[in-house]
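Spelled out from the first residue to the last, the chains are:
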Amino acid sequence: MSPALDAYWMPFTPNRQFKAEPRLLASAQGIAYRTPDGREVLDGISGLWCVGSGHGHPHIIEAMKRQLGVLDYASSFQVGHAGAFELAERIGALAPPGMDRVFLVNSGSEAVDTALKVALAHARATGQGEKNLFIGRERGFHGVGFGGISVGGMTNNRRAFGGAMLRVDHLSSTWDPATQAFVRGQPADGGAAMSQELERLVALHDASNIAAVIVEPFAGSTGVLVPPVGYLQGLREICDRHGLLLIFDEVISGFGRMGALFAAQALEVVPDMIVFAKTITNGAAPLGGVIVKRSIHDAVMQGPRHLSELMHGYTCSGHPLACAAALAQLDVLEQEQLPRRVRGLMPSFENIVHGLADAPGVVSIRNLGLAAGIELAPEAAGAGRRGARAQAAAFDRGVLTRAPGDTLIFAPPFISEVADLQRMADRLRQAIEDTEASG
Ligand SMILES: Cc1ncc(COP(=O)(O)O)c(C=O)c1O
């Protein structure tokens, strides 16, 4: 029986439309959901970019059950429990060298805001309190906190909230439809030149005012926009030259999707902070965090010893259940060698995704790691309508996707077989054809 739908104000959902035509999920195992009437819906977006190890993983379930029986809750404010310390230690050991201090929160949005606060705290602690301007990027997504929407570059998210609160400026998006429409992986050319825009912004604002630059290694939520080779390296060099912190928002790219634990490793550019969430618990519990370079952390560790060095934290920071899920997920990623498995799948994934290029209305396909965006031509009636119709059609055809604007996201679980990727792509093709036929 369907639940009453009125009371729940759904996030990032056209509520009236959904409630008129609900699409409910009832259970999940491995790479597939089931609807309440038992229909299979392949998980073409890993839940929401988070269920890399597959749904219902027994090791994660077991760890969470065990944890609940032992310690259901413990604050991390001036008391602690072993799980949070163990998790931070393990994440620090997996991150690039020198990045081994970890602040835990409950979501990507909180993690972004935390990273911005750490940058401000670092500026003050090093006698540069006037450094309080941030540089983000157009078409970047950094969650929905006021800090995140300030540095983010999604017009729809910013419009409603009065331009937000922080002092920010934005780099241009790396997306160039004229030259990148059907590029496989990273575009080869132009990255270093593109990164020079940061020099222009530094010249405009002066480095003495800029706390940090924050970018996703590739823009995920706005449709998988992949920067050219050399772009991130260019940002790193410019940040080094001017003493700016570089923050990578790896909420999507972190913990395996790039064929490495972090995009920083896959793309060989080491930032000063890495923001993470999503895949760290395989979606089984809310948890996010910021990995901070030890030198930045150490600089902030000052002031009277009886006061918090950083006045920041959440009631559920380091929640025992979420930490247990994350520790188990790290076991799974390691024991099942999932980053390596992703690397093995990447060439087939790329071929399968680009095989959709001749589906009706497809105007661009981008991919990196196990992430792809399949962009459809907008309808004359307005941007986003075709994408929304295709997303609904995909569900009806038995594959879960998401459509920021008119781009369908394809980001399968790491445990998928090549045949699963093909089945998902076949269903996406059917959905794109249905959308064309009913347009
Ligand atoms: C890059 C990036 N940062 C931050 C977030 C926000 O994460 P959350 O929804 O957990 O707050 C997201 C969510 O998709 C994201 O893709």
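Residues numbered from 1 in each chain as written. Predicted model: local features only at pLDDT ≥ 70, side-chain atom pairs only at ≥ 80, totals over all residues.

1. A look at unusual backbone geometry
So, point 1. Its identity is not glycine, yet R139 carries a phi of approximately 65°, on the positive side.
So, point 2. Structurally, R139 can be placed in the loop between strand 5 (133-137) and helix 6 (146-151).
So, point 3. In this structure, Q337 takes a positive phi of about 50° despite not being glycine.
So, point 4. Assignment of secondary structure puts Q337 in the loop between helix 14 (320-335) and helix 15 (338-354). (Helix = DSSP H or I, 4+ residues; strand = E, 2+ residues; numbered from the N terminus.)

2. Details of the sheet that holds strand 7 (residues 210-215)
So, point 1. The seven strands are arranged 4-10-9-8-7-5-6 in an open sheet whose pairing can be described as mixed. Each having just a single partner strand, strand 4 (99-105) and strand 6 (167-171) make up the two edges of the open sheet. The mean angle between the axes of side-by-side strands here comes to 20°, regardless of whether they run parallel or antiparallel.
So, point 2. Examined bridge by bridge, strand 4 and strand 10 (residues 288-293) share six bridges and lie antiparallel to one another. Each residue of the ladder has a partner; that of F103, found in strand 10, is V290.
So, point 3. Packing of helix 10 (residues 197-205) onto the sheet brings it into contact with strand 5, strand 6 and strand 7, and relative to strand 6 it is tilted by some 150°. (Pairing = 2+ DSSP bridges. Axes fitted to C-alpha atoms, helices over the stretch in contact; angles between N-to-C directions. Contact = placed C-beta atoms within 7 Å.)

3. Points about the packing of helix 4 (residues 82-94) against helix 14
So, point 1. For the pair helix 4 and helix 14, the least separation of the axes is 9 Å and the interaxial angle reads 35°. For the pair helix 4 and helix 14, the sense of crossing is left-handed. Here helix 4 contributes G83, A84, E86, L87 and R90 to the contact with helix 14, which in turn contributes P320, C323, A324, A326, L327 and L330. (Left-handed = near helix turned anticlockwise from the far one by under 90°.)

4. Here's the deal with the domain arrangement of the protein
So, point 1. When the domains of the protein are assigned, the result is domain 1 (15-53 + 337-437) and domain 2 (61-335).
So, point 2. In this structure, domain 1 and domain 2 have C-alpha centres spaced 26 Å apart.
So, point 3. On the side of domain 2, 31 residues touch domain 1, which itself brings 32 residues to the contact.
So, point 4. Breaking the side of domain 1 that touches domain 2 down by element, the ones donating at least two residues are helix 2 (46-49), helix 15, strand 11 (362-368), strand 12 (371-376) and strand 14 (407-410).
So, point 5. For the side of domain 1 that touches domain 2, the element with the most residues is helix 15, which contributes seven residues.
So, point 6. When grouped by side-chain class, the residues that make up the side of domain 1 that touches domain 2 number 18 nonpolar, ten polar and four charged. (Domains from an automatic or database assignment. Nonpolar A, V, L, I, M, F, W, Y, C, P; charged D, E, K, R; others polar.)

5. Let's talk about the environment of M154
So, point 1. Structurally, M154 can be placed in the loop between helix 6 and helix 7 (155-159).
So, point 2. Separated by 16 residues in sequence, M154 and E138 have C-alpha atoms that sit 6.9 Å apart.
So, point 3. In this structure, M154 is in contact with R139, F141 and T222, ignoring residues within four places of it in sequence.

6. Considerations on the site of the ligand
So, point 1. Near the ligand lie 15 residues; those nearest to it are S107, G108, S109, G143 and V251.
So, point 2. Per element, the largest residue contribution to the shell around the ligand is three residues, and it comes from helix 5 (residues 108-125).
So, point 3. The residue makeup of the shell around the ligand, split by class, is five nonpolar, eight polar and two charged. (Near = placed C-beta within 6 Å.)

7. With respect to helix 4
So, point 1. The end-to-end C-alpha distance of helix 4 is 19 Å, a good match for the 18 Å that 13 residues give at a rise of 1.5 Å each.
So, point 2. By the burial criterion, the buried members of helix 4 are G83, A84, L87 and I91. Relative to the axis of helix 4, the buried residues are bounded by an arc of 95° and lie together on one face. Those residues of helix 4 that are exposed and angled more than 90 degrees off the buried face are A82, E89 and A93.
So, point 3. The elements touched by buried residues of helix 4 are strand 4, strand 10 and helix 14. (Expected span 1.5 Å × (residues − 1). Buried ≥ 20, exposed ≤ 12 C-beta atoms within 10 Å, placed from the backbone. Arc of directions from axis to C-beta.)

8. Some details on the pairing of strand 11
So, point 1. Within strand 11, five of the seven residues are buried, which leaves it mostly tucked inside the rest of the structure.
So, point 2. Taken together, the six bridges between strand 11 and strand 12 define a ladder with antiparallel strand orientation. When the sheet's bridge partners are listed, R366 is paired in strand 12 with G373.
So, point 3. Two successive antiparallel strands, strand 11 and strand 12, enclose a turn made up of two residues, where G369 displays a positive phi of approximately 55°.

9. Thoughts on the environment of R34
So, point 1. Inspection of the secondary structure assignment puts R34 in strand 2 (residues 32-34).
So, point 2. Considering only alpha carbons, one finds R34 and G398, 364 residues apart in sequence, at a separation of 9.4 Å.

10. Quick notes on the sheet that holds strand 11
So, point 1. On the basis of which strands lie adjacent, the open sheet formed by three strands has the order 11-12-14 and antiparallel pairing. Taken across any chain shown, the strands that pair with only one partner, and hence form the sheet edges, are strand 11 and strand 14. Sheet twist, expressed as the mean angle between neighbouring strand axes with direction ignored, is 15°.
So, point 2. Sheet strands in contact with helix 15 are strand 11, strand 12 and strand 14, and its direction is about 175° off that of strand 11.
So, point 3. Its contacts with the sheet place helix 16 (residues 385-397) against strand 12 and strand 14, and it is angled at close to 40° to strand 14.

11. Description of the environment of A411
So, point 1. Here A411 is to be found in the loop between strand 14 and helix 17 (418-437).
So, point 2. As a C-alpha pair, A411 and V224 span 187 residues in sequence and 9.8 Å in three-dimensional space.

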